[in-house]
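# Observations on chain architecture
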Amino acid sequence: MSELDLLTQSLGRNVKRWRTERGFTLDGLASRAGVSRGMLIQIEQARTNPSLGTVVKIGDALGISITTLLDYEQGPKVRVVPPEQAVRLWSTDAGSYNRLLAGTEAPGPLELWDWSLEPGDGSASDPHRPGTVELVHVTAGELTLVVDGAEYRVPAGSSASFEANVPHAYRNDGTEAMQMMMAVSVPPVR
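The following refers to the structure shown. Note that the structure is predicted; figures quoted are calculated from it, not measured.

### A look at the sheet that holds strand S6 (residues 142–147)
Pairing is antiparallel in the open sheet, where 4 strands are placed in the order S4-S9-S6-S7. Each of the sheet's edge strands pairs with one partner strand only, and the pair in question is strand S4 (122–125) and strand S7 (150–155). Along the sheet, successive strands turn relative to each other by an average axial angle of 15°, direction set aside. In the sheet, S4 pairs with strand S9 (residues 168–171) via 4 bridges, with the strands oriented antiparallel. Its bridge partner being in S9, Gly122 is matched across the sheet by Arg171.

### Some thoughts on helix H1 (residues 3–22)
Working note: α-helix, 3.6 residues per turn, so residues spaced by three or four point in the same direction. If you check H1, its first and last C-alpha atoms are 28 Å apart, about what 20 residues at 1.5 Å a residue would give, namely 28 Å. Restricting attention to buried positions, one finds in H1 the residues Leu7, Thr8, Ser10, Leu11, Gly12, Asn14, Val15, Trp18 and Arg19. Contacts from the buried residues of H1 go to helix H2 (26–33), helix H3 (37–44), helix H4 (52–62), helix H5 (66–70) and strand S1 (87–91).

### Considering the nonpolar core
Nonpolar side chains tend to gather and get buried jointly when the protein is soluble and globular. In terms of nonpolar packing, the biggest core is built from 41 residues, with Ile58, Leu143 and Tyr170 touching the most fellow members. At 5 residues, the largest contribution of residues to this core is made by H4. For Ile58, the residues in contact, after removing those within four places along its chain, are Val15, Leu29, Ala33, Val35, Leu40, Ile43 and Leu69.

### What about the packing of aromatic side chains?
Following the criterion strictly, the structure yields 2 aromatic pairs and no others. Here the aromatic rings of Trp90 and Trp115 are separated by 5.5 Å at their centres, their planes lie at 40°, and the arrangement is tilted. Separated by 25 residues along the polypeptide, Trp90 in strand S1 and Trp115 in strand S3 (residues 109–117) bring together distant segments of the chain. You'll find Trp90 and Trp115 in the same group, each marked buried. Taken together, a centroid distance of 4.9 Å and an interplanar angle of 50° make the contact between Trp115 and Tyr170 tilted. Within this pair, whereas Trp115 is found in strand S3, its partner Tyr170 is found in strand S9, the two being separated by 55 residues in sequence. What makes Trp115 buried here is its relative accessible area of 4%. We classify Tyr170 as buried; its relative accessible area is 3%. Through successive ring pairs, a cluster of aromatic residues spans Trp90, Trp115 and Tyr170. Over the aromatic face of Tyr97 sits the side chain of Arg88, whose NZ or CZ is 4.2 Å from the ring centroid.

### A look at the pattern of salt bridges
Enumeration according to the criterion identifies 8 salt bridges in this entry. Arg17 serves as the salt-bridge partner of Glu21, at 3.2 Å between the closest nitrogen and oxygen. In this pair, Glu21 and Arg17 are both assigned in helix H1, 4 residues apart and thus about one turn of the helix distant. Since its relative accessible area comes to 48%, Glu21 is described here as partly exposed.

Reading guide: rules and limits
Residues numbered from 1 in each chain as written. Predicted model: local features only at pLDDT ≥ 70, side-chain atom pairs only at ≥ 80, totals over all residues. Heavy atoms only, no water. Pairing = 2+ DSSP bridges. Helix = DSSP H or I, 4+ residues; strand = E, 2+ residues; numbered from the N terminus. Axes fitted to C-alpha atoms, helices over the stretch in contact; angles between N-to-C directions. Expected span 1.5 Å × (residues − 1). Buried < 20%, exposed > 50% of the residue type's maximum accessible area, 1.4 Å probe, protein only. Contact = heavy atoms within 4.5 Å. Core = buried A, V, L, I, M, F, W, Y, C linked by side-chain atoms within 4.5 Å. Phe/Tyr/Trp six-rings, centres within 6.5 Å; stacked < 30°, edge-to-face > 60°. Lys NZ or Arg CZ within 6 Å of the ring centre and 35° of its normal. Salt bridge = Lys/Arg side-chain N within 4 Å of Asp/Glu carboxyl O.

Okay, structure coming up:
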């Protein structure tokens, strides 16, 4: 079985498990997440590979991390993630990518990401739930961080944090590759 098949099956199993644990119907979760009921059925039956944006919306609606949604199995309290098991969820033909390195539920979802953006590349994100915070640390190049329409330059060695409940984007407007680490903290569902 391919890694993509494993991810598709894990996502389906975990969406159904967490939807049931939260007491959401398919219609209820679809409404909360802003995705169609049909899409949720396809995801739960492992018949589709949804976009990263759809997975983020479902995770936010359930109050859990993408790591938890894609987890192959429940692991021990200490979980070591070897490099080959980091999950690449987005990439471009130019070589830009992001990788979900690790995540946990403490007390809400907390995720650690590794990003690379080639010159001219970028990635936009829909607003997350209120209370969601993102932290970035640029290790090479310069990030153009766009938060609610305002642009911020974050050069190598610098960090930034922001409330991510507004539209936001990451761009590389420079001439060299940009590398950054990002942590995302999502408040628990109440």
